[in-house]
Amino acid sequence: MSFFPINLNMAGRMVTVVGGGKIAERKTCKLLEAGALITMIAPDLSDKLAKLSEGGSIKHLPRNFKKGDLDGAFLAIAATSDRYANLAVADEAKNRGILVDVCDDPELSSFIMPAMMTRGDLVIAVSTGGKSPAMAKKIREQLEASFGPEYEQTLKLLGILREKLLTAKGNSAYNKALLSQLAAHDLPRMIKERRYDQLDHLLLKIFGSEFSISHLLEEEKDHQ
Ligand SMILES: C[C@@]1(CC(=O)O)c2cc3[nH]c(cc4nc(cc5[nH]c(cc(n2)[C@H]1CCC(=O)O)[C@@](C)(CC(=O)O)[C@@H]5CCC(=O)O)C(CC(=O)O)=C4CCC(=O)O)c(CCC(=O)O)c3CC(=O)O
Ligand SMILES: NC(=O)C1=CN([C@@H]2O[C@H](COP(=O)(O)OP(=O)(O)OC[C@H]3O[C@@H](n4cnc5c(N)ncnc54)[C@H](O)[C@@H]3O)[C@@H](O)[C@H]2O)C=CC1
């Protein structure tokens, strides 16, 4: 089976997680980081989930799943240890057009969770379509070693630069050529090795005098 990746804006979106064990915990922690609002339905919670519930980070309904529980959900996760409860969640989600991850059944899932890593706005997600979650995890670990914190800083700078280019009058084909020219250089490495003079030189050469690092950061400060 082949799954199609998209990047969802989860801020303020309601997610119903059914089950409160270690798998529900792993999925919930990632969703909370993305700004989702979690309602959890499960008779028992893991220690960590119980703490999140006590602290008000998630809403907990301490009981078994029943029909109608997916009311208002944007996404649903079926992560119980009861096969039939997971099937009931999958069934309700399907009938109501809600996307569902059935943690013990990729075939019944309309989405599955990839292994993922972030460096600021850089998101890298790895999926094996459910063939080998262990391999997805291993590849994620390999990627983490190759893409260090310098990518977060590089993207911050590129974001400011691109915003300035795109808001200034000018033709987009020209901008595209300049941005592609810049992307051909190894900026993360320059940042990692603190070769700021070299980076500045490159920016000035490609974009002109208003694009030095200090100029860009100064303008960004003024905007905030
Ligand atoms: C279909 C999917 C649905 C979903 O959960 O969304 C699913 C299903 C199942 N996983 C199972 C087992 C394991 N899952 C992991 C780990 C992860 N599982 C994740 C995702 C997914 N798991 C989706 C597919 C992703 C893809 O491949 O594209 C990750 C990537 C993301 C996350 O969970 O957030 C996260 C790593 C996160 C990270 O570290 O980055 C490990 C390794 C470990 O725990 O160390 C094992 C044991 C080793 C092994 O089996 O490979 C079982 C059998 C259960 C049983 O034995 O009964 C099923 C059920 C089945 O296959 O039917
Ligand atoms: N997707 C993945 O990455 C993985 C998935 N799994 C599958 O995920 C499922 C959950 O695994 P764990 O979290 O380890 O189990 P667990 O035993 O730690 O937790 C199960 C949870 O389900 C709840 N529950 C049981 N019946 C329920 C019902 N009718 N309604 C609501 N909640 C109910 C329990 O109260 C408990 O909170 C299993 O089906 C397992 O096969 C297991 C490993 C990895």
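The name given to the protein in an unreviewed UniProt entry is precorrin-2 dehydrogenase, with the source organism recorded as Geotalea daltonii. Looking at the protein in UniProt, the text filed under Pathway (unreviewed entry) is "Porphyrin-containing compound metabolism; siroheme biosynthesis; sirohydrochlorin from precorrin-2: step 1/1." Recorded in UniProt for the protein, the comment headed Catalytic activity (unreviewed entry) runs: "precorrin-2 + NAD(+) = sirohydrochlorin + NADH + 2 H(+)".

1. Structural notes on the nonpolar core
With 17 residues, the main nonpolar core has Leu 161, Leu 182, Leu 199, Leu 203, Phe 207 and Leu 216 as its most contacted residues. Once you skip the residues sitting within four places of it in the chain, Leu 182 turns out to touch Leu 158, Leu 161, Leu 187, Leu 202, Leu 203, Ile 206 and Phe 207. The next biggest cluster of nonpolar side chains, apart from the first, holds 16 residues, and it includes Leu 31, Ala 36, Leu 49 and Met 113.

2. Quick notes on the site of ligand 2
Residues in close proximity to ligand 2 total 21 residues, the closest being Gly 20, Lys 22, Ile 23, Arg 26 and Asp 44. Gly 21 places a main-chain nitrogen or oxygen 3.3 Å from an oxygen atom of ligand 2. One nitrogen or oxygen atom from the main chain of Cys 103 is found 3.2 Å from a nitrogen atom belonging to ligand 2. When the free accessible area of ligand 2 is taken as 880 Å², the share hidden by the protein chains comes to 71%.

The rules behind the values
- Residues numbered from 1 in each chain as written.
- Chains lettered and ligands numbered in written order.
- Predicted model: local features only at pLDDT ≥ 70, side-chain atom pairs only at ≥ 80, totals over all residues.
- Heavy atoms only, no water.
- UniProt positions renumbered as here; feature names shortened; annotations may be inferred.
- Core = buried A, V, L, I, M, F, W, Y, C linked by side-chain atoms within 4.5 Å.
- Buried < 20%, exposed > 50% of the residue type's maximum accessible area, 1.4 Å probe, protein only.
- Contact = heavy atoms within 4.5 Å.
- Near = heavy atom within 4 Å.
- Polar contact = N/O pair within 3.5 Å; in protein donor to acceptor, adjacent residues only side chain to side chain.
- Areas by Shrake-Rupley, 256 points an atom, 1.4 Å probe, with all protein chains shown as cover.

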